[in-house]
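# Structural description and commentary
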Amino acid sequence: MADASPPASAPMGRLDAFDAGSTKLTIQTEFLYRPSWRIETKIYAAGALKKLHTEDLTGVPEDELQRRIDQYHHARVVELREKLSKMSGES
C-alpha cells in the first residue's frame, strides 16, 4: 500500500495541559498522513504516555480536516475531564 499524499495545507494539531491533583495531564492531537490520513491523540500523565486514540480520516475533504481535528481533540478533553470528575466524586 502506498503512502497517502500530504494535504496542500497541513492542519494544525492541538495541545492542552491541566493539573489533576498533583499530576500534570497533557493531551496532544496531531494529524498524520502516512500511511493514511488520520488523527492521533496521545494522553500523558506526568510525562508518560497513558492512552492513544486514533481516528481514520481517509476520504475526509481537505477543507474539513481542521474542524475534525478540533472536534476530536475537544471530545477527548471532555471525556478525560468527565472521567476525572467521576473519580474524584464530583457531580
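Note: the structure precedes this text.
Presented here is an overview of the structure given in this document. Just so it is clear, the structure is predicted and the values come from calculations on it, not from any experiment. (Residues numbered from 1 in each chain as written. Predicted model: local features only at pLDDT ≥ 70, side-chain atom pairs only at ≥ 80, totals over all residues. Heavy atoms only, no water.)

The next thing to look at is unusual backbone geometry. With an omega of 0°, the peptide bond running from Arg34 to Pro35 counts as cis. In this fold, Pro35 is placed in the loop between strand E2 (23-32) and strand E3 (38-45). At Ala46, a residue that is not glycine, the phi angle is positive and equals roughly 55°. Position of Ala46 relative to the elements: it lies in the loop between E3 and strand E4 (48-56). (Helix = DSSP H or I, 4+ residues; strand = E, 2+ residues; numbered from the N terminus.)

This part is about helix H1 (residues 65-87). Given a rise of 1.5 Å per residue, 23 residues ought to cover 33 Å, and the 33 Å separating the end C-alpha atoms of H1 matches this to within 8%. Turning to H1, the residues buried within the fold contact strand E1 (14-20), E2, E3 and E4. In the stretch just after H1, Gly89 is the one whose phi turns positive, near 85°. (Expected span 1.5 Å × (residues − 1). Contact = heavy atoms within 4.5 Å.)

To continue, consider the sheet that holds E2. Strand order in this open sheet of 4 strands is E1-E2-E3-E4, and the pairing throughout is antiparallel. In the strand order of this sheet, the two ends are held by E1 and E4, each with one partner. Taking each pair of neighbouring strands and ignoring which way they run, the sheet shows an average axis angle of 15°. Pairing between E3 and E4: 8 bridges, direction antiparallel. Within E4, the position partnered with Lys42 by the bridge is Leu52. (Pairing = 2+ DSSP bridges. Axes fitted to C-alpha atoms, helices over the stretch in contact; angles between N-to-C directions.)

Assignment of secondary structure puts Thr29 in strand E2. Here Thr41 takes part through its side chain, which lies 2.8 Å from a polar atom of the side chain of Thr29. Beyond its immediate chain neighbours, meaning those up to four positions away, Thr29 contacts Gly13, Arg14, Ile39, Glu40, Thr41, Ile69 and His73. (Polar contact = N/O pair within 3.5 Å; in protein donor to acceptor, adjacent residues only side chain to side chain.)

Each aromatic ring pair is described using two quantities: the centre-to-centre distance and the angle formed by the ring planes. Taken as a whole and judged by the stated rule, the model has 1 aromatic pair. Directly above the ring of Phe18 sits Arg81, whose terminal nitrogen or CZ lies 4.0 Å from the centroid. (Phe/Tyr/Trp six-rings, centres within 6.5 Å; stacked < 30°, edge-to-face > 60°. Lys NZ or Arg CZ within 6 Å of the ring centre and 35° of its normal.)

Note: E1 against E2, 7 bridges, orientation antiparallel. Looking across to E2, one finds that Asp16 is bridged to Ile27. In this antiparallel pair of consecutive strands, E1 and E2, the connection spans 2 residues, and Gly21 shows a positive phi of 70°. Taken together, the 8 bridges between E2 and E3 define a ladder with antiparallel strand orientation. When the bridges of E3 are listed, Leu25 appears paired with Ala45. The antiparallel hairpin formed by E2 and E3 contains 5 residues in its connecting segment.

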